[in-house]
Amino acid sequence: MRIGIPKETFAGEKRVATTPDVAAKLIKLGYTVAIEQGAGSAADLTDEAYQAVGVEILGDAASVWSTSDIVLKVRGPAADAANDEVASLREGGALISFLWPAQNQALLEGLAARKATVLAMDSVPRISRAQKADALSSMANIAGYRAIIEAAQNFGRFFTGQVTAAGKVPPAKVFIIGAGVAGLAAIGAANGLGAIVRATDTRPEVGDQIKSLGAEFVPVEYQEEGTGVGGYAKVMSEGYLRAQAEMIAKQCKEVDVVVTTALIPGKPAPRLITAEMVASMQPGSVIVDLAAEQGGNCEFTVPGQVVERHGVRIVGYTDLPSRMARQSSQLYATNLLRLLEEMTPGKDGEMVVNMDDEMIRGATVIKEGAITWPPPPPTLSAAPKAAPKAAATPVAPAKPLISPALKSLLVLGVGGLALAWLGSVAPPAFMAHLMVFVLACFVGYMVIWNVTPALHTPLMSVTNAISSIIAIGAILQISSPGALMTLLGSAALILTTVNMAGGFWVTQRMLRMFRRSE
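No experiment lies behind these values; they were computed from the predicted model shown. (Residues numbered from 1 in each chain as written. Predicted model: local features only at pLDDT ≥ 70, side-chain atom pairs only at ≥ 80, totals over all residues. Heavy atoms only, no water.)

Engineer: Tell me about unusual backbone geometry, residues and numbers included.
Structural biologist: Phi is mostly negative for residues that are not glycine, and the peptide bonds are mostly trans. Of note, the amide linkage connecting Trp-373 to Pro-374 takes the cis form, showing an omega dihedral of 5°. One non-glycine residue, Asp-44, lies in positive phi territory at about 65°. The residue Asp-44 is located in the loop between β2 (32-36) and α2 (47-52) in this model. Although it is not a glycine, His-310 adopts a positive phi angle of roughly 55°. For His-310, the location among the structural elements is in the loop between β14 (306-309) and β15 (312-315). (Helix = DSSP H or I, 4+ residues; strand = E, 2+ residues; numbered from the N terminus.)

Following this line, the structure appears as structure tokens:
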């Protein structure tokens, strides 16, 4: 089958659906690949680079659409009078791109009329097997990183704190609302630039992820679970939203940069930052609204623009992944490749849409002209085992013949009698050695296995405890008569001392690895 990649026609879109590296792998799967001339130029990918791996360069978009069995795109096809890409799709052909079927019912019906098979990259289910094809996460990662770059561009101060001859510069305070993929990427980027980072999320389990990236988790003082289907957040109650608004208002007064990422699939972006909150921020502060394309989390957000209100800049760019076009094209193309690998079981260049495959079924919104969206909910990866049925007539457990307490007394009695008999027949020296052996076993067990690994790894705790016992024994043997015993005791003492000192030295080095430099 032939794969075609037309140039993106959406205004400002610089991404391309495949790169030379990925195109070479598609060809190895058995496909032939064609691309429109100049399709990758905005992402710094030349036609010569595509030709070098065996991709055919076509002069116009019409040639790509009309000769391709499978069309790969970033944005969904245009369906306006000036550029009707839906009509350009071959009847019975296949299309894979972002589509947003919940918001584009008319587009679905137009593609279904072409008897097409359409897979939406934004509908890939959030299951473990499908992570390699999760283009939403790939683009969100780039958007979160780029949001911090745009914030730094519009901020006008250092993110990191500095002490210079001209005075002290405090670090910027960054507050991130929503700790999904984009939010976590923003936390990592802001922390790497030296800012003091705080973040919040409706899902309490995300708190550990926020802390692991070096940020402070700011919870909402309201008890309600915010985890929705597929790892997304859900719509919260009125009481929770009031408590959340109070927390956000407090943070807006204190921080310099706010990054909002709150989105719920299929719904407009929730309004989290009001005009009053913006007015309370310090002049020169910045808000970067990653939900601008869906209406924005800030009341003043204008999609695609940077506006200033009350001295605060609100960045509403809707093309953050496209501003890093080469990187985002590579990641998106890899997601497409992984999906096509699953759909090409024979590695023979023939795409098979297996509706019994949960990943492919979730992404498929139209199958040979029949609209199949929305897909059924994903099944649990591991269904809980059914509880065993109770027996009709439960059998009472048999009572033990001897109670545990009586059994312990019997064991102690037999042991005491055995020791008494051994003491009556054994020489006195044997009993003295036996007593020392028993005490040594007990003391060794308590000293070695009860060591708490507070500043060591557990293995180092045990080795240091053993070394301390050897050192004590060596000290006792140094004073023994005979030069050989003194020499052996001295050698044992030196070696164990080196071992213990080395253990503490290695521990300090390990601790310094995790200590943040001031």
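Engineer: Describe the pattern of salt bridges, naming the residues involved and giving the relevant values.
Structural biologist: Scanning all chains against the criterion turns up 20 salt bridges. Between Arg-90 and Asp-69 there is a salt bridge, with the nearest N and O atoms lying 3.1 Å from each other. Of this pair, Arg-90 sits in the loop between α4 (85-88) and β5 (94-97) while Asp-69 is found in the loop between α3 (61-67) and β4 (70-72), placing the two residues 21 residues apart along the sequence. Glu-342 is the partner of Arg-129 in a salt bridge, and the nearest nitrogen-oxygen pair spans 3.1 Å. Here Glu-342 lies in helix α11 (residues 325-342) and Arg-129 lies in the loop between β6 (117-120) and α6 (135-155), a separation of 213 residues in the sequence. For Arg-129, a relative accessible area of 40% corresponds to the partly exposed category. Note on Glu-342: relative accessible area 25%, which makes it partly exposed. Sharing partners across several salt bridges, the network here consists of Glu-13, Arg-15, Arg-75 and Glu-293. (Salt bridge = Lys/Arg side-chain N within 4 Å of Asp/Glu carboxyl O. Buried < 20%, exposed > 50% of the residue type's maximum accessible area, 1.4 Å probe, protein only.)

By themselves, these observations are geometric and do not establish any function.
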